[in-house]
Amino acid sequence: SGALPEVERPVNMAQVEADAIEAHAERVKQALTLHAADTGADDVLRAFEGRVTHYGESYEGGWLGCGLFQNEAGDNQYHTDDSTVVATLDHVYPCRQRFRITGPAGTIEAFRQDTCPGCGTRHFDLSEAGVLAVCGGIHSCDVRIEVLR
């Protein structure tokens, strides 16, 4: 008795394509989940490109405009070595708003503790320690600003 020749089944290209798209979407979802876990991205309310400048050493010991907020030194005064100080336009962000600021030299997390009348909506003033950590020197630089929960 003779064996019947094997018959190739027709390939449903639409199904093959749909399966490939579904597998790719699942890999992307997994990668995004891992990225969010690594970066704390779920804490980010919004992010944008901006610019930072520094206060100036002459402000050392001056009162911070957000009142009774306890800064790193615990005295509500400006200190050039406190990298947690951020000054923004008064009406844009509330006092104590938390930010992650990333520049060419590194990243800091800081809080709005003062007002910067000369700053724009994407321009923040940092302490000398903050601008050094983010920009790599006591000068202005372009940064990525993340507004955090």
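The shown structure was predicted, so the numbers you read here are calculated from the model rather than taken from an experiment.

Draft legend 1. Representation of the pairing of strand β1 (residues 44-54) in the model. As paired strands, β1 and strand β6 (residues 141-148) are joined by eight bridges and run antiparallel to one another. Bridge pairing links Val44 to Leu148 in β6. In the sheet, β1 pairs with strand β5 (residues 123-126) via four bridges, with the strands oriented parallel. Following the sheet pairing, Arg51 is matched in β5 by His123.

Draft legend 2. Highlighting the sheet that holds strand β4 (residues 107-115). Pairing is mixed in the closed barrel, where six strands are placed in the order β1-β5-β2-β4-β3-β6. Adjacent strand axes in the sheet meet at a mean angle of 45°, parallel and antiparallel pairs treated alike. Across five bridges, the pairing between strand β3 (residues 98-102) and β6 is antiparallel. When the sheet's bridge partners are listed, Arg100 is paired in β6 with Glu146. Here helix α2 (residues 128-135) sits on the sheet in contact with β1, β3, β4, β5 and β6, set at roughly 110° to β1.

Draft legend 3. Main features of the nonpolar core. With 17 residues, the main nonpolar core has Val52, Phe99, Ile101, Phe124, Leu126 and Val134 as its most contacted residues. Those elements that provide at least two residues to this core are β1, β3, β4, β5, α2 and β6. Looking at this core, the element that brings in the most residues is β6, giving four residues. Apart from the residues within four sequence positions on either side, Val52 is in contact with Ile101, Phe124, Leu126, Val131, Val134, Cys135, Ser140, Cys141 and Val143. Judged by nonpolar contacts, the second largest core, of seven residues, contains Tyr55, Ala87, Cys116 and Cys119.

Draft legend 4. View of the state of the cysteines. Under the defined criterion, the tally for this structure stands at three disulfides. Cys66 shares a disulfide with Cys95; S-S distance 2.2 Å. The sign of the S-S torsion, about -85°, decides the handedness of the disulfide formed by Cys66 and Cys95: left-handed. Of this pair, Cys66 sits in the loop between β1 and β2 (85-88) while Cys95 is found in the loop between β2 and β3, placing the two residues 29 residues apart along the sequence. Shown here is the disulfide that connects Cys135 with Cys141, its sulfur atoms set 2.0 Å apart.

Draft legend 5. Region of interest: the pattern of salt bridges. This model, assessed by the stated rule, comprises seven salt bridges. For Glu49, the salt bridge identified is with Arg144, shortest N-O distance 3.3 Å. One end of the pair, Glu49, is in strand β1; the other, Arg144, is in strand β6, with 95 residues separating them in the sequence. Taking the relative accessible area as the measure of exposure, Arg144 reaches 37% and is therefore partly exposed. For Arg100, the salt bridge goes to Glu146, with nearest N and O atoms at 3.1 Å. Within this pair, whereas Arg100 is found in strand β3, its partner Glu146 is found in strand β6, the two being separated by 46 residues in sequence.

Draft legend 6. Region of the structure containing α2. Inspection of α2 places Glu128, Gly130, Val131, Val134 and Cys135 among the buried residues, and these make up the whole buried set. All buried residues of α2 fall inside an arc of 160° around its axis, so they share one side. Check the buried side of α2 and you find it contacts β1, β3, β4, β5 and β6.

What counts, and where the lines are drawn
Residues numbered from 1 in each chain as written. Predicted model: local features only at pLDDT ≥ 70, side-chain atom pairs only at ≥ 80, totals over all residues. Heavy atoms only, no water. Pairing = 2+ DSSP bridges. Helix = DSSP H or I, 4+ residues; strand = E, 2+ residues; numbered from the N terminus. Axes fitted to C-alpha atoms, helices over the stretch in contact; angles between N-to-C directions. Contact = heavy atoms within 4.5 Å. Core = buried A, V, L, I, M, F, W, Y, C linked by side-chain atoms within 4.5 Å. Buried < 20%, exposed > 50% of the residue type's maximum accessible area, 1.4 Å probe, protein only. Disulfide = S-S within 2.5 Å. Salt bridge = Lys/Arg side-chain N within 4 Å of Asp/Glu carboxyl O. Arc of directions from axis to C-beta.

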